[in-house]
Amino acid sequence: VQLQASGGGLVQAGGSLRLSCAASGSIFSFIAMGWYRQAPGKQRELVATMAIDGGSTNYADSVKGRFTISRDNAKNTVYLQMNSLKPEDTAVYYCNGRRLLASYWGLGTLVTVSS
């Protein structure tokens, strides 16, 4: 299984970006998919996750109301819409797919928010 993240870039504070995570196979092979991020000098942290069965979502408090995770089943792709971006959102964002006994990570995509 491969997860390909894209959509990062440089944006001004208050701007928006949409990240995409394309899975090489069906997203229904996962229990959940989500986004994590790692800022320089910090540990990787959860941003948002979505259960594949049922679609329930979970967000970090720091992004609630600004970020939205969604998916396109036909494209086997999960998205992260990021609005009202802040400089503290600057990080490498990683896509994750979780199965019962394994977790898969894509290469990160860099998001830089300038003040």
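What this report covers is the structure whose coordinates are included nearby. A quick note: this is a predicted structure, and the numbers were derived from the prediction, not measured. (Residues numbered from 1 in each chain as written. Predicted model: local features only at pLDDT ≥ 70, side-chain atom pairs only at ≥ 80, totals over all residues. Heavy atoms only, no water.)

**Focus on the packing of aromatic side chains**
Move 1: Evaluated as defined, the whole model comprises two aromatic pairs.
Move 2: Aromatic pair Phe 30 and Tyr 104: ring centres 6.0 Å apart, planes at 70°, arrangement edge-to-face. Within this pair, whereas Phe 30 is found in the loop between strand 3 (17–23) and strand 4 (32–38), its partner Tyr 104 is found in strand 10 (residues 103–105), the two being separated by 74 residues in sequence.
Move 3: Under the relative-accessibility criterion, Phe 30 is labelled buried at 5%.
Move 4: On the numbers, 5.0 Å between centres and 70° between planes, the contact of Tyr 36 with Trp 105 is edge-to-face. A residue pair is termed long-range when its members are at least 10 positions apart, and Tyr 36 in strand 4 and Trp 105 in strand 10 qualify at 69 residues.
Move 5: Directly above the ring of Tyr 94 sits Arg 44, whose terminal nitrogen or CZ lies 3.8 Å from the centroid. (Phe/Tyr/Trp six-rings, centres within 6.5 Å; stacked < 30°, edge-to-face > 60°. Helix = DSSP H or I, 4+ residues; strand = E, 2+ residues; numbered from the N terminus. Buried < 20%, exposed > 50% of the residue type's maximum accessible area, 1.4 Å probe, protein only. Lys NZ or Arg CZ within 6 Å of the ring centre and 35° of its normal.)

**A short note on the pairing of strand 4**
Move 1: Counting buried positions along strand 4 gives six out of seven residues, so the element sits mostly inside the fold.
Move 2: Between the antiparallel neighbours strand 4 and strand 5 (residues 45–51) lie six residues, among them Gly 41 with a positive phi of about 80°.
Move 3: Note: strand 4 against strand 9 (residues 91–98), seven bridges, orientation antiparallel. Residue pairing for strand 9: Tyr 36 is matched across the bridge by Tyr 94. (Pairing = 2+ DSSP bridges.)

**Considerations on a nonpolar patch on the surface**
Move 1: Taken together, the side chains of Ile 31, Leu 100 and Leu 101 define a hydrophobic patch exposed on the protein surface, amounting to about 390 Å² of accessible area.
Move 2: Relative accessible area serves as the criterion here: at 83%, Leu 101 is assigned to the exposed category. (Patch = residues over 30% accessible without salt bridge, like charges linked within 9 Å, V, L, I, M, F, W, Y side chains within 5 Å. Areas by Shrake-Rupley, 256 points an atom, 1.4 Å probe, with all protein chains shown as cover. Salt bridge = Lys/Arg side-chain N within 4 Å of Asp/Glu carboxyl O.)

**Comments concerning the sheet that holds strand 8 (residues 77–82)**
Move 1: Taken in spatial order, the four strands of this open sheet run 1-3-8-7, and their pairing is antiparallel. This sheet does not close on itself; its edge strands, each paired only once, are strand 1 (3–6) and strand 7 (67–72). Along the sheet, successive strands turn relative to each other by an average axial angle of 15°, direction set aside. (Axes fitted to C-alpha atoms, helices over the stretch in contact; angles between N-to-C directions.)

**A few points about the pattern of salt bridges**
Move 1: If you walk through the whole model with that rule in mind, you get four salt bridges.
Move 2: In this structure, Arg 37 engages Asp 89 in a salt bridge whose closest nitrogen and oxygen atoms are separated by 2.9 Å. Pair noted here: Arg 37 is in strand 4 and Asp 89 is in the loop between strand 8 and strand 9, with a separation of 52 residues, a long-range link. Taken individually, Arg 37 and Asp 89 each receive the classification buried, so the pair is uniform in this respect.
Move 3: Across the pair Arg 66 and Asp 89 runs a salt bridge whose closest N-O atoms are separated by 2.7 Å.

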